[in-house]
Amino acid sequence: MHLDLVDVLRCPAPHADGWLVCATTDTRGRILHEGWLGCPICQAQYPVRDGVVDMGEPIGSPSQAPPRDDDVVRLAAALDLVSPGRLVVLMGAWAAYAAALSTIVPVRLVCIDTMESVPEVDDIVIAQMRGASARSVARGQVDGIALDAAHATAMQRDAAVHALRAQGRLVLPATIAMPDGVTRLTGDDELHVGVRGAVESVPVSLARRRAP
Ligand SMILES: [Zn+2]
């Protein structure tokens, strides 16, 4: 995993939001190859082996047909990747698109339950994880999430809503309903795309206007 992504990863345990700390036994340039991520709140430790963060058993067994060029462009459009540096989560089969997507626009990628790991090099900002959900990414900071059929469970969709920023995009198989908080934008027989509505924030008390 690329060290630039440590800041956006979170412990998935149900407790207050907090950063993870990383300990390394093997880094190569900006890539954490072996080590672990630790949670200062609940003391959980998540090992990193061969660059992949291990958070448990992967869900389902995604099939990973090699992506076609037009599919990659379609995914970039669905996720609205119009400017560099966006933070994108690709789950299961979608992780196969990671390298190709990076050649279209430089994005920051979190890939979960990748079948074959993407080669990690300094100029592709990618974190690869297994057994995780979008709850392992900072709340309200993700620009786009693509869930494959194996990962479109109610739990994974809730996690996606938690992680998406307002106006962030969610790509789902067309047979799976958009979760509450996400409005369907467009779609076809295979996929549909939703957009996250306003994200709840801490209430702000308004100062009373002084009487004239
Ligand atoms: Zn924790």
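Here is what the cut-offs are and how they apply
- Residues numbered from 1 in each chain as written.
- Predicted model: local features only at pLDDT ≥ 70, side-chain atom pairs only at ≥ 80, totals over all residues.
- Heavy atoms only, no water.
- Domains from an automatic or database assignment.
- Contact = heavy atoms within 4.5 Å.
- Buried area = accessible area lost by both parts, 1.4 Å probe.
- Salt bridge = Lys/Arg side-chain N within 4 Å of Asp/Glu carboxyl O.
- Polar contact = N/O pair within 3.5 Å; in protein donor to acceptor, adjacent residues only side chain to side chain.
- Helix = DSSP H or I, 4+ residues; strand = E, 2+ residues; numbered from the N terminus.
- Buried < 20%, exposed > 50% of the residue type's maximum accessible area, 1.4 Å probe, protein only.
- pLDDT = per-residue confidence, 0-100.
- Donors = N, O, S within 2.8 Å, 3.2 Å for Na, K, Ca; no water.
- Tetrahedral: all angles 85-135°; square planar, octahedral: opposite > 155°, others 65-115°.

J.: Can you walk me through the domain arrangement of the chain in this structure?
T.: Accessible area lost upon the coming together of the parts is a frequently used measure of interface size. Each assigned domain of the chain is listed with its residue range as follows: domain 1 (3–50) and domain 2 (69–196). Spacing between the C-alpha centres of domain 1 and domain 2 amounts to 21 Å. With 11 residues of domain 1 at the interface, the matching set in domain 2 holds 16 residues. Looking at the side of domain 1 facing domain 2, the largest losses of area belong to Leu5, Val8 and Ile31, adding up to 48% of the total buried there. Inspection of the domain 1/domain 2 interface yields zero salt bridges. Summed over the shared surface of domain 1 and domain 2, the result is two residue pairs in polar contact (both at pLDDT 80 or more).

J.: What is the right way to read unusual backbone geometry from this model?
T.: Keep in mind that most residues, glycine aside, have a negative phi and that most peptide bonds are trans. Its identity as a non-glycine residue notwithstanding, aspartate 50 has a phi of 50°, on the positive side. The topology assignment puts aspartate 50 in the loop between strand 3 (45–49) and strand 4 (52–54). Residue aspartate 50 is classed as exposed on the basis of its relative accessible area of 54%.

J.: What am I meant to see in the pattern of salt bridges here?
T.: Should the charged atoms of two oppositely charged side chains come close, the side chains can pair. Evaluated as defined, the whole model comprises 11 salt bridges. A salt bridge links aspartate 54 to arginine 49; its shortest N-O distance comes to 3.0 Å. Using a relative accessible area of 48% as the deciding quantity, one classes arginine 49 as partly exposed. Three or more residues joined by partner-sharing salt bridges are found here, namely Asp71, Arg74, Asp188 and Glu190.

J.: Is there a simple way to think about the confidence of the model for the chain in this case?
T.: For the chain, per-residue confidence averages 89 on the pLDDT scale, and 91% of positions sit at 70 or higher. Within the chain, strand 8 (residues 142–146) carries the highest mean pLDDT (97), whereas helix 2 (residues 98–104) carries the lowest (89).

J.: Looking at this structure, I do not really get the coordination of the zinc ion. What am I missing?
T.: As a benchmark, a tetrahedral metal site with four donors has ideal angles of 109.5 degrees, while an octahedral site with six donors has ideal angles of 90 or 180 degrees. Protein coordination of the zinc ion is provided by Cys11 (SG), His15 (NE2), Cys39 (SG) and Cys42 (SG), with donor distances spanning 2.1 to 2.3 Å. Taken together, the four donor atoms surrounding the zinc ion define angles of 105 to 112° at the centre, an arrangement classified as tetrahedral. Classification of histidine 15 as partly exposed rests on a relative accessible area of 27%.

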